[in-house]
Structures are given as C-alpha cells and as structure tokens.
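Listed below, chain by chain, are the residues.
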Amino acid sequence: MSVMDNWQEIRKTIGQACENCGRDLEEIKVVAVTKYVTIERAREALAAGVSNLGENRMKGFLEKYEAIGDDAVWHFIGSLQSRKVKDIIDHVDYIHSLDRKSLAKEINKRAKQPVQCFVQVNVSGEESKHGLVMEEVEDFIETLKDYPNIKVIGLMTMAPHVDDEELLRGIFRKLRALRDKIRDKQYLHAPCKELSMGMSNDYRIAIEEGSTFVRIGSSLVGQ
Ligand SMILES: *Cc1c(COP(=O)(O)O)cnc(C)c1O
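Structure report, in brief.

The next subject is the overall build of the chain. Secondary structure summary: the chain contains 9 helices and 8 strands in total. The C-alpha atoms of the chain give 17 Å as radius of gyration, which agrees with the globular expectation for 223 residues (17 Å, within 12%). The principal-axis extents of the C-alpha atoms in the chain amount to approximately 45 × 40 × 30 Å. For the chain, with 223 residues in total, the buried portion stands at 52%. A fraction of 55% describes how many contacts in the chain between residues 6 or more apart in sequence connect residues 24 or more apart. When the accessible surface of the chain is totalled, it reaches about 10700 Å², and 45% of it is carbon and sulfur. Of note, the chain has its 33 positive side-chain charges centred 5 Å away from the centre of its 36 negative side-chain charges.

So this is what it looks like as structure tokens:
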C-alpha cells in the first residue's frame, strides 16, 4: 500500500474515533514513525501531508534529518543517551522520552532555546518499558523548574502490545488523569497539556481517551 492510501485509511479511523467521543480532529497530531523505513518512504509521508516525523534511534534520526532537513517537524521518540543529546539537539522539535534528571540537565545545557518535551511514563509497570513509574512523575516534573530550556508540554507512554481493549483504555485513562493533575498545577515550566499515546495497534483507543499526539509507524509508512 502507498503511504497515501494508508494515510487515508488512518484519517478515516481518526475521524471515527473523534466522532465517537466528540473531539475535534484538529486536536490530534499524527507523527509518522519512520524507524523501519527508507528516506524515500519518509518523503512519501511528507508528500501525503504528514509533516511530523519520528525516529527512535540516533542513527536513523540523523540519516533522515540530513536528507530531509527542515521540511519536516522532528520528533525523537526513543530512549536517549545523555552523551548523544548534543548531536540532535539543534534539529529536534519534540523529545518524547524525557525520563531522568541527568538527561534533563544535558538537554538544558546543550539547547539554545526551550525544547518541547514529554515525560515518559511506564504506566503498565512492565519491566521492559522505559519511563518513570506513575508515582515518580509529579516530583520529577517539579524538579525540572530549574532548567529553563526544558518545557514539559505533556506526558508520553507506550502501552503493551495487546488486543485487550479495556486494558489499553485503563492505561490511557491513568495517564490522562495524571496529565490533568499536573496541568492543573499551572507550572510555567510544565504546562503539560498534551498526551503522546497511541501507536498502530491502539491509536483509535488512545484518541478516544484523549491523546493529542499519536505515533504511527507500521500501519502508516510500513515496516
Ligand atoms: C516504533 C514506535 C512507534 C510506532 O510503532 P508502530 O506500532 O509501528 O506504529 C511509536 N512509538 C515509539 C516510541 C516507537 O518506538
């Protein structure tokens, strides 16, 4: 399938999800996750009208960035080593994987302007998953006020790869409730209005549960 065909299907699904819960389509940003595919395929996503591209590894990110440059809005969605921050910091528009103070410190030091970050949360508690556990998130965000180049725009999670819709809904609802709680504190450094949740397997459910950024790889650009 062409990226354009996939994109039309996904738009339909997002439209339906929005209708199901009375949301406005404009609230949802789709990040095309291009980690499995070629530069050519990433360009097809741009041509289809998806301007947000996401990569989870340094090498893939830099390869795509070098080829495509500022024609895209760039998201780094994978675990990030502090010593690699300097290699991407001038090119990245959003970081979805802020999960520790040492990383925040390095981003703050290297960035020339505030960087839009999501704090990654391991809602499901699976050991294989990165991110803070729910109980750590509020204190962590509080400590980030010392870093003027970190702007916490929201929370991110990766749900387990399962078909159990109620389980997935439960995870997304927990993240949303935590987002609401932090947003309501009205921190200047952490407006925390966004939710980065939902992938190929579960983006419809994530949108129904309030997601504002869905990260879609395989079903949009392919594997
Ligand atoms: C790979 C990846 C995605 C996209 O996964 P698909 O199931 O292919 O849509 C989303 N988010 C993160 C963090 C990823 O690593």
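A positive phi angle, near 55°, is found at Gln-186, a position not held by glycine. Structurally, Gln-186 is set in the loop between α7 (165–183) and β7 (194–196). Look at Gln-186 and you get exposed, because its relative accessible area is 68%. Notably, Cys-192 is not glycine yet its phi reads approximately 50°, a positive angle.

Moving on, we come to the nonpolar core. Membership of the largest hydrophobic core comes to 68 residues, with the highest contact counts inside it found for Leu-98, Val-119, Ile-141, Leu-155 and Leu-220. Sequence-distant contacts of Ile-141, defined by excluding residues within four places in its chain, comprise Val-119, Val-152, Leu-155, Ile-182, Tyr-187, His-189 and Ala-190. Of all hydrophobic cores here, the second largest spans 6 residues; its members include Val-31, Tyr-94, Ile-153 and Met-156.

The rules behind each value
Residues numbered from 1 in each chain as written. Predicted model: local features only at pLDDT ≥ 70, side-chain atom pairs only at ≥ 80, totals over all residues. Heavy atoms only, no water. Helix = DSSP H or I, 4+ residues; strand = E, 2+ residues; numbered from the N terminus. Rg over C-alpha atoms; globule rule 2.2 N^0.38 Å. Buried < 20%, exposed > 50% of the residue type's maximum accessible area, 1.4 Å probe, protein only. Contact = heavy atoms within 4.5 Å. Areas by Shrake-Rupley, 256 points an atom, 1.4 Å probe, with all protein chains shown as cover. Lys, Arg positive; Asp, Glu negative; His and termini not counted. Charge placed at Lys NZ, Arg CZ, Asp CG, Glu CD. Core = buried A, V, L, I, M, F, W, Y, C linked by side-chain atoms within 4.5 Å.

Keep in mind that these numbers describe shape and distance, not what the molecule does.
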